[in-house]
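Working through the structure, step by step
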Number of protein chains: 4
Amino acid sequence: MNSKTADIRSDIAFSTPDRIVVRGKSLPDEILGKMNLGDFAYLQLTGKTATPQQSHMFNAVLITLVEHGITPSAIAARMTYAGAPESLQAAVAAGLCGLGTVFVGTTEGAAKMLYEAFEGAGENPDLQALAVKTVAAFRERKQIIPGLGHPVHKPIDPRTPRLFAIAEENGMAGKHVQLIQLIQKEAERASGKVLPINATGALGAICCEFGFPWKIVRGFGVMARAIGLVGHILEESESPIAHKLWHEIEDRASAHLRG
Amino acid sequence: MNSKTADIRSDIAFSTPDRIVVRGKSLPDEILGKMNLGDFAYLQLTGKTATPQQSHMFNAVLITLVEHGITPSAIAARMTYAGAPESLQAAVAAGLCGLGTVFVGTTEGAAKMLYEAFEGAGENPDLQALAVKTVAAFRERKQIIPGLGHPVHKPIDPRTPRLFAIAEENGMAGKHVQLIQLIQKEAERASGKVLPINATGALGAICCEFGFPWKIVRGFGVMARAIGLVGHILEESESPIAHKLWHEIEDRASAHLRG
Amino acid sequence: MNSKTADIRSDIAFSTPDRIVVRGKSLPDEILGKMNLGDFAYLQLTGKTATPQQSHMFNAVLITLVEHGITPSAIAARMTYAGAPESLQAAVAAGLCGLGTVFVGTTEGAAKMLYEAFEGAGENPDLQALAVKTVAAFRERKQIIPGLGHPVHKPIDPRTPRLFAIAEENGMAGKHVQLIQLIQKEAERASGKVLPINATGALGAICCEFGFPWKIVRGFGVMARAIGLVGHILEESESPIAHKLWHEIEDRASAHLRG
Amino acid sequence: MNSKTADIRSDIAFSTPDRIVVRGKSLPDEILGKMNLGDFAYLQLTGKTATPQQSHMFNAVLITLVEHGITPSAIAARMTYAGAPESLQAAVAAGLCGLGTVFVGTTEGAAKMLYEAFEGAGENPDLQALAVKTVAAFRERKQIIPGLGHPVHKPIDPRTPRLFAIAEENGMAGKHVQLIQLIQKEAERASGKVLPINATGALGAICCEFGFPWKIVRGFGVMARAIGLVGHILEESESPIAHKLWHEIEDRASAHLRG
């Protein structure tokens, strides 16, 4: 290996004729039959074996993001499958392309907000003071506070207390979880509105407890939703709705042109 | 609801202000903290709760498909991330787009071959006769038998005996698993070549034991690989290789033009 | 350059500090301001400068494929944009993912059918005999003849006579165009149905006149539709329909579950 | 049409059994054979017929964006095609997914900067003062000025003078083109560096002369590059490089793991 090649490296996996090793573990001998999918995702991403507590929490994080009903993502995937049923992978890909700032961004936004709140705040910060400061800064910039509020799930997002309970049970309800709860109360006080912590807010806080970089948090939504979209495509293949919807939408959208 | 709307339906999930229900189960109360990600994928796809045996087997199936090293898929995802780091979801989507007939097709091909072998074969078919007939048909059409042979893992794909052992332990080593083993022996006899059952062959047979339609089998590879690709993008964000590779490839590919 | 690197090459383009050369031509000096986009596409794909006749024909081929109204592709692109407006490129990509065997496949299917009809038919084949043989073969296999029939444009697809007239005017109405016309007549005779040559049939025949490999014909639909989809996304950004459609579809699809 | 349907509309196109109308024009009668692809793109996007001057300029804008050699985008498309050659559309889609903030963002960035510079500046602003103010603002925020500088094309990007000459010839070298030229001089003066206006800077300024919203400017790069990527996939299908590159990259990247 010369200097030119030395810096192209990936530490995730390798294989030889008789071995397949992921993150230092033998896939056949140490992983298959011994881990569940969420734990393996944790290993893939962190290089570490999840503790039982981390396993419970991380599986719950990912499961929360798998299935959100007939979303724009699911519609895009089904429309794509209608045109290219031989390319199931492209239908999932099309569905994932829309998981951007509008639909999953608030997870990463919440994580980013919480990390930034603690920056330069020292070892034992006054959480209430951080919450007040954070809410004031968002309000001054006229920005929506990520992770708060939900168009349907009011006054409580039913996933949030459950996720926080699982965090509590597994020793993961630390300072980031506490801070978002204080931010919520302060935001409700300052705005006079009902602003429940939504699922993405809860997940963002929990991802901070894990220590995941906020930039990768969106990736949890992406990988979880891939599972959900395969479910939608399976259903579309058995009980299609895309063609009927297409014709209806086309008729409605161009009715004024046909006169 | 009138007749026009009656036929647009999805049975997967719904929500109300205080409920989120997936496949008939309350997400907060019956799923979060009580299932692992593989089991939830099983529920999402089948509408059924996995038995402990199915849980072990299905988690192993999906885990096998998550990470295969620096594949063309991983390279495509990393190249995409280099151009659009703000769109992590699009990088995963780009990587998934290539999971077609060359790289994951053999899983569905093996499942299709096994299902078709049993079509019209009655209740208690002679498996050895089916194997001989199947191999002869592929050889006559000069087609490669899906699920056999591997460019690297010779003479044995190390995942295969482990997957079959897990199938055996969980009561899932039924007639499809037996048939692919007989097909392998017959194919080796007829061709004189070493043709191990590769992981996609083993997975295809196991998917038949589950009863999954062969058309959705590719979807398992797609959803599993989405996890793997998020891992690659996380690594790319921390230890990038795409830019360096790009410049090297461009230099090499156009050297003859620049003269 | 050693033997290891010699075989990685691309002949399309290169650049140096003061030059950008595509297909042997200086982009600033010989292309910009001197070609239209269709001609440049022709150069990019073939390495040749289009004659005026080829220019007229090829621009018409591509234009025919740009815009087909509110298609599943356009819906997928708009749904994706609704979720990730910051990733316009991913919305176009999502829309393109569905241009598979159902919606653009008949263009490549028609081209393939015509090329195969002439295989082994010698220098001056009897076109009528080839038409009869081709139709009989499709009917025997119970396959739909690609490029014939249209759900809306009956009894004539209005694009087809215009495309053939442009072909005639530009000396490109050769044996492939003649053959598909004979195939149409024979198919109508044999089936007793009205089967107009649709636009994809006309385009497939014209692509054969150009000599394009049938495998790349789908690419014309893909690159043309990318233009159309940017138009849809621009309209979606100004007069959005995706969010409203999403909520309507979700309500309808899960009404039976909410009870 | 009732109130429920009134607000779902698209004004781009419609068809009836004997008509296909795009932007108010009959596709067969008024478009095919009478427009080139760039002009039709202009019609699709703006609803207006390009003047001859606009036609020259807009075709040049799009052509500039089609082909940039072996880019990360082209590598992603080729890698995807290697895995799913049956889904050419997905390979193009994968390539487009990476046209984000790093590679085409500077076009929209330049357009945005120029539009913002003129906001609130009145009818006859002092362009030199606007240039000084703009450069100072970017420097204060320690942001790179979009559209200036190029890693390879130094001291001049050869596309820029040609694009500006075409703009001049066609009466489109207005205030936005003038402003970016003043910004360049001021940026070079302030930084002491050589900072040529690159192609994306020139294109951004010209897009402002057209009056295109800055948010859609990225779309021009996306639709143009779709053409370029089809060219790369055609070449990949005839002279493949993806498999060889994959194996080389995998070997290099995991050499340290195999030991």
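On a predicted model such as this, the values are computed, not experimentally measured, just so you know.

Each value, and the rule that gives it
Residues numbered from 1 in each chain as written. Chains lettered and ligands numbered in written order. Predicted model: local features only at pLDDT ≥ 70, side-chain atom pairs only at ≥ 80, totals over all residues. Heavy atoms only, no water. Helix = DSSP H or I, 4+ residues; strand = E, 2+ residues; numbered from the N terminus. Buried < 20%, exposed > 50% of the residue type's maximum accessible area, 1.4 Å probe, protein only. Contact = heavy atoms within 4.5 Å. Lys, Arg positive; Asp, Glu negative; His and termini not counted. Charge placed at Lys NZ, Arg CZ, Asp CG, Glu CD. Least-squares fit on C-alpha atoms with pLDDT ≥ 70 in both. Buried area = accessible area lost by both parts, 1.4 Å probe. Salt bridge = Lys/Arg side-chain N within 4 Å of Asp/Glu carboxyl O. Polar contact = N/O pair within 3.5 Å; in protein donor to acceptor, adjacent residues only side chain to side chain. Nonpolar A, V, L, I, M, F, W, Y, C, P; charged D, E, K, R; others polar. pLDDT = per-residue confidence, 0-100. Pairing = 2+ DSSP bridges. Phe/Tyr/Trp six-rings, centres within 6.5 Å; stacked < 30°, edge-to-face > 60°. Expected span 1.5 Å × (residues − 1). Axes fitted to C-alpha atoms, helices over the stretch in contact; angles between N-to-C directions. Parallel < 35°, antiparallel > 145°, perpendicular 65-115°, else oblique. Left-handed = near helix turned anticlockwise from the far one by under 90°.

The next thing to look at is the overall build of chain A. Scanning chain A from N- to C-terminus turns up 13 helices and three strands. Once the C-alpha set of chain A is aligned to its principal axes, its extents read approximately 65 × 60 × 40 Å. Classification of the 259 residues of chain A by burial places 61% in the buried group. A separation threshold of at least 6 residues defines the contact pool for chain A, and within that pool the share at least 24 residues apart is 70%. Counting 26 positive and 26 negative side-chain charges, chain A places the centres of these two groups 5 Å from one another.

This part takes up the relation of the copies chain B and chain A. Structural alignment of chain B on chain A gives an RMSD of 0.0 Å, achieved by rotating through 180° and translating 0.0 Å along the axis. On this basis, the relationship between the two copies can be described by a two-fold rotation axis. Considering only C-alpha atoms, the part of chain B nearest the rotation axis is Ala 93 of chain B, at 2.1 Å. Of the interface residues in chain B, 100% have counterparts in chain A that sit at the interface too, so the contact is made through matching surfaces.

This next bit is on the interface of chain B and chain A. Listed as interface residues are 79 residues of chain B and, on the opposing side, 79 residues of chain A. Taken over both partners, the interface formed by chain B and chain A buries close to 6,700 Å², and the fraction arising from carbon and sulfur atoms is 73%. In terms of surface lost to chain A, no three residues of chain B exceed Leu 37, Ile 63 and Gln 89 of chain B, which account for 11% of the buried area on that side. At the junction of chain B and chain A, the tally comes to zero salt bridges. At the boundary of chain B with chain A, the tally comes to 22 residue pairs in polar contact (both at pLDDT 80 or more). At 15 residues, the largest contribution of residues to the side of chain B that touches chain A is made by helix α12 (residues 214-238) of chain B. Across the side of chain B that touches chain A, the residue classes tally to 41 nonpolar, 18 polar and 20 charged.

The subject of this paragraph is the pattern of salt bridges. Counted according to the given criterion, the structure contains 44 salt bridges over all chains. Linking Asp 11 of chain A and Arg 9 of chain A is a salt bridge whose minimum nitrogen-to-oxygen distance equals 3.0 Å. With relative accessibility at 34%, the residue Asp 11 of chain A sits in the partly exposed group. In this structure, Glu 235 of chain C and Arg 78 of chain C form a salt bridge, with 2.5 Å as the shortest nitrogen-oxygen distance. Of this pair, Glu 235 of chain C sits in helix α12 (residues 214-238) while Arg 78 of chain C sits in helix α5 (residues 72-83); the two residues are 157 residues apart in sequence, bridging distant segments of the chain. Both residues of the pair, Glu 235 of chain C and Arg 78 of chain C, count as buried. One continuous salt-bridge network, built from bridges that share partners, spans Arg 78, Glu 235 and Glu 236 of chain A.

Bringing the interface of chain C and chain B into the picture now. Counting residues at the interface gives 24 residues for chain C, matched by 24 residues for chain B. Buried area between chain C and chain B, summed over both chains or domains, comes out near 1,900 Å², and the portion from carbon and sulfur atoms is 63%. A per-residue breakdown of the area chain C buries against chain B is headed by Arg 252, His 256 and Leu 257 of chain C, which together make up 28% of the total. Remark: the boundary between chain C and chain B carries zero salt bridges. In this structure, the connection of chain C to chain B is made through seven residue pairs in polar contact (both at pLDDT 80 or more). At the level of elements, α1 (3-6), β1 (13-16), α6 (88-96) and α13 (242-258) of chain C are the ones that each hand at least two residues to the side of chain C that touches chain B. For the side of chain C that touches chain B, the per-class residue count stands at ten nonpolar, eight polar and six charged.

What follows is about the relation of the copies chain C and chain B. Mapping chain C onto chain B calls for a rotation angle of 180° and an axial translation of 0.0 Å; the resulting RMSD is 0.0 Å. In this assembly the copies share their binding face: 96% of the residues contributing to the interface of chain C also contribute to that of chain B.

Quick look at the confidence of the model for chain A now. Summarising the model, chain A shows a mean pLDDT of 94, and 98% of its residues fall at 70 or more. For the stretch residues 1-5 of chain A, pLDDT sits under 50, and the model shows six contacts to residues farther than four places along the chain or on other chains.

Residues Lys 154 of chain B and Pro 155 of chain B are joined by a peptide bond in cis, for which omega reads -5°. Residue position: Pro 155 of chain B is located in the loop between α8 (127-140) and α9 (159-169). Even without glycine at this site, Lys 142 of chain C takes up a positive phi of about 50°. Exposure remark for Lys 142 of chain C: the relative accessible area of 76% places this residue in the exposed category. Backbone geometry places Arg 23 of chain D, a non-glycine residue, at a positive phi of 50°.

In this section: the side chain of Gln 89 of chain A. Residue placement: Gln 89 of chain A occurs in helix α6 (residues 88-97). Taking relative accessible area as the criterion, Gln 89 of chain A reaches 0% and is therefore assigned buried. Those residues in contact with Gln 89 of chain A, other than ones at most four positions away along the chain, are Leu 96, Cys 97, Leu 99, Gly 100, Arg 218 and Val 222 of chain B together with Ala 84, Glu 86 and Ser 87 of chain D.

Residue and element names in this part refer to chain A. In spatial order, the strands read β1-β2-β3; together these three strands make up an open sheet with antiparallel pairing. Either end of the sheet is taken by a strand with one partner, and the two such strands are β1 (13-16) and β3 (25-26). With two bridges connecting them, strand β2 (residues 19-22) and β3 associate as antiparallel partners. For Val 21, the partnering residue across the bridge sits in β3 and is Ser 26.

Let's shift gears to the sheet that holds strand β3 (residues 25-26) of chain D. All names here are of chain D. One open sheet accounts for three strands, arranged β1-β2-β3; its pairing is antiparallel. Only two strands of the sheet have a single partner each, and these edge strands are β1 (13-16) and β3. The sheet contact formed by β1 and strand β2 (residues 19-22) spans four bridges and is antiparallel. Bridge pairing in β2 links Ala 13 to Val 22.

As enumerated under the stated definition, the model contains 36 aromatic pairs over all chains in all. Ring centres 5.5 Å apart and planes at 70° place the aromatic pair Tyr 42 of chain C and Phe 58 of chain C in the edge-to-face group. Of this pair, Tyr 42 of chain C sits in helix α3 (residues 37-46) while Phe 58 of chain C sits in helix α4 (residues 52-66); the two residues are 16 residues apart in sequence, bridging distant segments of the chain. A ring pair is formed by Tyr 42 of chain D and Phe 210 of chain D, whose centres lie 5.9 Å apart and whose planes are at 55°; its orientation type is tilted.

Further remarks concern helix α5 (residues 72-83) of chain D. All names here are of chain D. Helix length check: α5, at twelve residues, gives a terminal C-alpha distance of 17 Å against a target of 16 Å (1.5 Å per residue), a fit within 8%. Among the twelve residues that make up α5, twelve are buried, leaving the element largely enclosed by the rest of the structure. Of all the positions in α5, only Pro 72, Ser 73, Ala 74, Ile 75, Ala 76, Ala 77, Arg 78, Met 79, Thr 80, Tyr 81, Ala 82 and Gly 83 are classed as buried.

All names here are of chain A. Position of Thr 200 relative to the elements: it lies in helix α11 (residues 199-210). In this structure the side chain of Thr 200 is engaged in a polar contact, spanning 2.7 Å, whose partner is the side chain of Asn 198. With near-sequence residues (within four places) excluded, Thr 200 lies in contact with Thr 106, Thr 107, Ala 110 and Gly 147.

What follows deals with helix α7 (residues 105-118) of chain D. Residues and elements named next belong to chain D. Taking 1.5 Å of rise per residue, 14 residues should cover 20 Å, and α7 covers 20 Å from first to last C-alpha, within 8% of that figure. Here α7 has its buried residues at Gly 105, Thr 107, Glu 108, Ala 110, Ala 111, Met 113, Leu 114, Ala 117 and Phe 118. Where the residues of α7 are buried, they touch α8 (127-140), α10 (175-191), α11 (199-210) and α12 (214-238).

Further remarks concern the pairing of strand β2 (residues 19-22) of chain C. In textbook terms, the turn of a hairpin is the stretch between consecutive antiparallel strands, and for β1 of chain C and β2 of chain C this stretch comprises two residues. If you look at the hairpin formed by β2 of chain C and strand β3 (residues 25-26) of chain C, you'll find two residues sitting between the two strands, and Arg 23 of chain C has a positive phi there, around 50°.

Attention shifts here to the packing of helix α8 (residues 127-140) of chain A against helix α10 (residues 175-191) of chain A. Residues and elements named next belong to chain A. For the pair α8 and α10, the least separation of the axes is 8 Å and the interaxial angle reads 55°. It follows from the interaxial angle that α8 and α10 lie oblique. When you trace α8 past α10, the crossing you get is right-handed. Taking contact as the criterion, the partners of Leu 127, Gln 128, Leu 130, Ala 131, Val 132, Thr 134, Val 135 and Arg 139 in α8 are, on α10, Lys 175, Gln 178, Leu 179, Leu 182, Ile 183, Glu 186, Ala 187, Ala 190 and Ser 191. Considered class by class, the residues forming the contact of α8 with α10 number ten nonpolar, four polar and three charged.

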